[in-house]
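One-letter residues, chain by chain:
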Protein chains: 2
Amino acid sequence: MKFDYLKDLLKERFLDEKIDRLQYAYDATQKIYLPDCVVLPKTTQEVSRILSFANQNKVPVVAKGCASGFSGGALNVAGGIALSMELMNNILEIDLDNLIATVEPGVVNYDLQLALKPHGLFFPPDPSSWKFSSIGGNIAENAGGPKAVKYGVTKDWVLGLEVVLADGSIINVGSKNVKDVAGYNLAQLFIGSEGTLCVITKALLKLHPLAQASQTMQATFNDMELAAKTVSDIIKNKIIPSSLEFVDHQAILTVENSMKAGLPTDADAILIIEVEGSVFQIKEDLEKIEQICIKNGARVKIAHSIEEEESIWLARRSISPTLKRIADGKLNEDIVVPRSKIAEMIKKTQEIAKKYSVMIVNFGHAGDGNIHTNIMYNTKDKDEEEMAFKAMDEVFNECLKLGGSISGEHGIGITKQDYLERQVGKRTVELYKQIKLTFDPNNILNPHKMKL
Amino acid sequence: MKFDYLKDLLKERFLDEKIDRLQYAYDATQKIYLPDCVVLPKTTQEVSRILSFANQNKVPVVAKGCASGFSGGALNVAGGIALSMELMNNILEIDLDNLIATVEPGVVNYDLQLALKPHGLFFPPDPSSWKFSSIGGNIAENAGGPKAVKYGVTKDWVLGLEVVLADGSIINVGSKNVKDVAGYNLAQLFIGSEGTLCVITKALLKLHPLAQASQTMQATFNDMELAAKTVSDIIKNKIIPSSLEFVDHQAILTVENSMKAGLPTDADAILIIEVEGSVFQIKEDLEKIEQICIKNGARVKIAHSIEEEESIWLARRSISPTLKRIADGKLNEDIVVPRSKIAEMIKKTQEIAKKYSVMIVNFGHAGDGNIHTNIMYNTKDKDEEEMAFKAMDEVFNECLKLGGSISGEHGIGITKQDYLERQVGKRTVELYKQIKLTFDPNNILNPHKMKL
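Right, let's walk through the structure included here. Keep in mind it's a predicted model, so treat the numbers as computed, not measured. (Residues numbered from 1 in each chain as written. Chains lettered and ligands numbered in written order. Predicted model: local features only at pLDDT ≥ 70, side-chain atom pairs only at ≥ 80, totals over all residues. Heavy atoms only, no water.)

## Some thoughts on the side chain of B:Asn374
Residue and element names in this part refer to chain B. We count it as follows: In this text, helices come from DSSP runs of H or I with a minimum length of four residues, and strands from runs of E with a minimum of two, each type numbered from the N-terminal end. For this analysis, a polar contact is any N or O atom pair within 3.5 Å, provided that within protein one partner can donate a hydrogen and the other can accept it, and provided that sequence-adjacent residues contribute only side-chain to side-chain pairs. Contacts are residue-level and defined by heavy atoms, with any inter-residue pair within 4.5 Å sufficient.
Mapping Asn374 onto the fold places it in strand 18 (residues 370-377). A polar contact of 3.3 Å, which involves the side chain of Asn374, links it to the backbone oxygen of His372. With residues near it in sequence (within four places) discarded, Asn374 still touches Leu323, Lys330, Leu331, Asn332, Met359, Ile360, Val361 and Phe363.

## Observations regarding the packing of helix 9 (residues 249-259) of chain B against helix 11 (residues 306-326) of chain B
Residues and elements named next belong to chain B. Where we set the bar: Angles shown run from 0 to 180 degrees and are taken between the N-to-C directions of axes, each axis being a line fitted to C-alpha atoms and, for helices, limited to the stretch in contact. Angle categories: roughly parallel below 35 degrees, roughly antiparallel above 145, roughly perpendicular from 65 to 115, and oblique for all the rest. Ten residues, namely Ala, Val, Leu, Ile, Met, Phe, Trp, Tyr, Cys and Pro, are considered nonpolar, four, namely Asp, Glu, Lys and Arg, are considered charged, and the remaining ones, Gly among them, are considered polar.
The interhelical angle for the contact between helix 9 and helix 11, taken along N-to-C directions, is 80 degrees, at an axis separation of 8 Å. Taken together, helix 9 and helix 11 sit at an angle that is classed as roughly perpendicular. Seen from helix 9, the contacting residues are Ala251, Thr254, Val255, Ser258 and Met259; seen from helix 11, they are Leu314, Ala315, Ser318, Ile319, Thr322, Leu323, Arg325 and Ile326. Across the contact of helix 9 with helix 11, the residue classes tally to eight nonpolar, four polar and one charged.

## As for the packing of aromatic side chains
All names here are of chain A. Heads up, the rule is: We call Phe, Tyr and Trp rings a pair once their centres come within 6.5 Å, taking the six-membered ring for Trp, and we label the pair stacked below 30 degrees between planes, edge-to-face above 60, and tilted otherwise. We call a residue buried when its accessible area falls under 20% of the maximum for its residue type, exposed when it is over 50%, and partly exposed in between, using a 1.4 Å probe and counting protein chains only. As a reminder, the over-ring test applies to NZ of lysine and CZ of arginine, requiring each to be within 6 Å of the ring centre and within 35 degrees of the ring normal.
Applying the stated criterion to the full structure yields 20 aromatic pairs over all chains. Seen in terms of ring centroids, Tyr5 and Phe53 are 5.4 Å apart; in terms of plane orientation they differ by 15 degrees. Their pairing is stacked. One end of the pair, Tyr5, is in helix 1 (residues 4-10); the other, Phe53, is in helix 3 (residues 44-57), with 48 residues separating them in the sequence. Given the relative accessible area of 38%, Tyr5 is considered partly exposed. We classify Phe53 as buried; its relative accessible area is 9%. In textbook terms, an aromatic cluster arises when at least three aromatic residues are bridged by ring pairs, as seen for Phe3, Tyr5, Phe14 and Phe53. One residue, Lys131, lies across the ring of Tyr110, its end atom 4.8 Å from the ring centre.

## Structural notes on the relation of the copies chain A and chain B
Quick reminder of the rule: Superposing copies: least-squares fit, C-alpha atoms only, residues required to have pLDDT of at least 70 in both.
Mapping chain A onto chain B leaves a residual RMSD of 0.0 Å; the transformation is a rotation of 180 degrees accompanied by 0.0 Å of translation along its axis. What the superposition gives is, in effect, a two-fold axis relating one chain to the other. Mapped onto chain B, 100% of the interface residues of chain A again fall at the interface, so both copies present the same surface.

Okay, structure coming up:
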C-alpha cells in the first residue's frame, strides 16, 4: 500500500480512516479538502522521515497547526498527507537570562502566554485566534493581532527556527542572538511562507516584559473621518497605544441588533484604545489621547475597573460571532492601508457596498491600517454571491490604489492567490516561483498555494 | 571601449581615471581593490541601465554607500564597476501620519536623524559609524548599534524597498504597511544580503518617537563575571535599557594609557547603561539598576548633566581610535553570544590571548551579547600576524560552541567568508548559493562575497 512506510513508522499516529481524515480536512474558511492520510509526528526526526518519503514518492504534504486559518493555507487541496504538528506541543525552555522561549510548533499561543505570565513575560503576537491557534501556524502565516500597533507582528519576535526541508534535511536558521548577520536571513524568508518552503519543527521566540499597567478607553464618533483623523493625531502626538481598534457603523449595528450591548447605534465609528506602560506613563498618555478625541468631537469613556474594560472590549470581540447571524456567506478580508488612508478606504467600501447591493461590515486594527472587511451574502442566492465576489475584487483594487496590501494577517492561502500578482507584480511572482522551486523542486510542500 | 555605453549614459558621472578609481577602492578594512570604473547614478532608471549593461556583458558591479564597512562588503574584489550611491541621497518624504520616511540609499544615517529631530522622531538603528555611513549600507549589512538592545537592528525598521535586480528590472518589495503578508518576504531576504542579490534604490523606514528623557550611568566592577551577571540581572528584572555597553579591563587600560580620562585602571570591567522613557520611568528604572549594580559589588556613577554624560560615554567612544596606537594590525571582530554567556566568552578570549601571545581588547554591546573582539598585532611581524589569525579562528570556534554568531553587525564580506559554513552548516550554504543564482544567474552582483 502507498503509505505503508508511514504506517510502520508512526503506528497509531498514522490515520487513514475517512472519519479521521475528515477531522483534518477543514480550516476556518469552511472549505473542505480531504487528505489521503494524517500523520502525527512527535519528533523532528519523524518529520524528516515523513518529508523524505513524500519527496521520493512525490506526494503532497501540508503541515497543520490548529486549522484556525482564514485563507485556506492549511488545506490539502491536492490531497496527500496532512502533517499535523499537534503532538509536538512542548515548551522546551523559557530562558529568563536571555528572554527567549524555545517551543515546538504545536504549542497553542495562549498556552505559551499562560506559561510566561508567572515570569512577568509575554510573547507579543496576539492574533484574535490565540486561544486556538498554534505558534507554528502563527509563524507560517506571520500572524498579527491587536497589539501589533505597538509591538509588531510575529516576524518581529522570531529569532530562529529549526526546519525540515522538502528533501528531509534538517537545518537551523537564526539563533538566540538578537544580532546575527551571518548569511542570508532564511528565518525571515520562512516566516509567512505558509508551509510552502519548509516545515517548522522548533522556534526561538523573543519575549517581552509584561507592562506594569494598562488601561482602556472607548471613543465614539459621529463621523468616521474624524475617527480616522484621531488615529493619525494620536500617532502624530508620539503616543503609540498598545491597541488602537475601530468598529464601523455597520459593525456597531450588527453587534447591537444581536446582543443589546448598549452601543450607540447612531455613531459612525467607535475607537477602542488601550495604553500600556508604567502607572505614570499611562495616565499621561490617556490624558493626551482623551484631549485629542474630544477635540475631534468624540464622546469618551475611560474604563476604571476590569468590568468596565471588559464591557468596552466586548463590542469589539462580539463582531465576528454576531456576523454569522446576518448571513451565512462571508468574504472575510483583512486588507491594510497606510493608517492615514483608513477613512478613505472605509468610504470606498461603503460606495462598493451600495454599488453591488451587499452588506460590508468593517472593523479592525486602525493603528496599523488593518481593516477586516467582511462582505456578507446569502450562499443560496447565486446572484448575491457573484456580487459579493465582484465587490471583493473592487475592494482589493481600491486598497492597492491607496498603497495597501490585500492581506495584513490572514495570508494568501487559496482565497487570495488570484490577487497576489495584482499587488506585487509579475516579476516578483516569478521570483517567488523560483524560490519555491529552489527549496522544493518536486513541489510537495503545500502545493497549489504558491502557483507554479 | 568596454565602458563606452556607461560613459555616454552618465557623462561626467562616469569616472575611469586611476586617481578616481583609487578613491573607491577601499573601505574600513584598509584593504584595497581597484574597480575598473566608477559610476554615480542619480536615478533608479540609471541604476537599471547600468545593471542591464553589466549583466549583458558579465561585468561585476559592487554597490557602495560611504565605504565605512568593516568586512570588505563594498570592495570590488573582482574589479568591474564601482556603483556609488552617493548622489542618490535625498530624503524623499517624512510621512508624519504614518511615521515613515522614504529615502534614497545614499542618505547618511546621521543626516536623516537631524532631519527627523525637529519632528520629535528618530530612526532607531544607530551604528557607531552613523555620521559616515549611509542608510543603503546600513540596510545591506543589517547594521546594529548601541540602541539595538531596546529597539532592535536595521531589519526591524525597514518596511519596504525599491530594488534593481541583476537583469535591470525594478521591483518594489514590502510597503508602507506594517502588516503585509502578501507573498514571500523578499525585503527581509534583501536586508543584510550585502549587495549580492540586488541594488537598493529606495527604502521605506519606520520611525519612532524620541524618548521624553534619557539618563546614563557608569558601573565599575572588579570582576567581569559580576559585570556580566549584572547585565543578566537587569534584563531579568524586566528593565530593557536603551543602551547596555561594556568595556573590559584591557580596553580600560588602552584608553587610560592614551588619554588619561580618569578611568579606574584596577577595574575588571565597566558597564555603561542608558535608560530612556518618561521622566518618571527613567527615575524608577535607574534606581532599580543602581540597586542591582551595587548588589553585584559595583561602584556606580549617575550622570546628572550633559557634561557628566559625555564624560561617561567618552571612554566607550575612545576605544576604537586609541587601539590604533597600540599596534598597526587589528582583527576587528564582532562576535555575538547569548547575553548570559558573555563572561564565559570574555574569559575564553583571555585564555586565547595568553595561548597565542597576542593582545585581545573586548568591548561592545553587552545588552545583546555583541562583543567587539579586537586582536592586536604588529603587521611587520609575520609570526605575530599568524598567531593573531590563529587566535581569531579559535575565538570563532568558542563563540559558536556557546551558541553564538561570528558576526552581529559587520557582516561576512570577504573577511569572514571562510568561517560562514562553520556557523550555518553545509546544507544552508548550498541554499544560499542557490538563492544567489536565482537572483543573479550571471553572478555580477558583488561577486566573490557569496562564494559559489
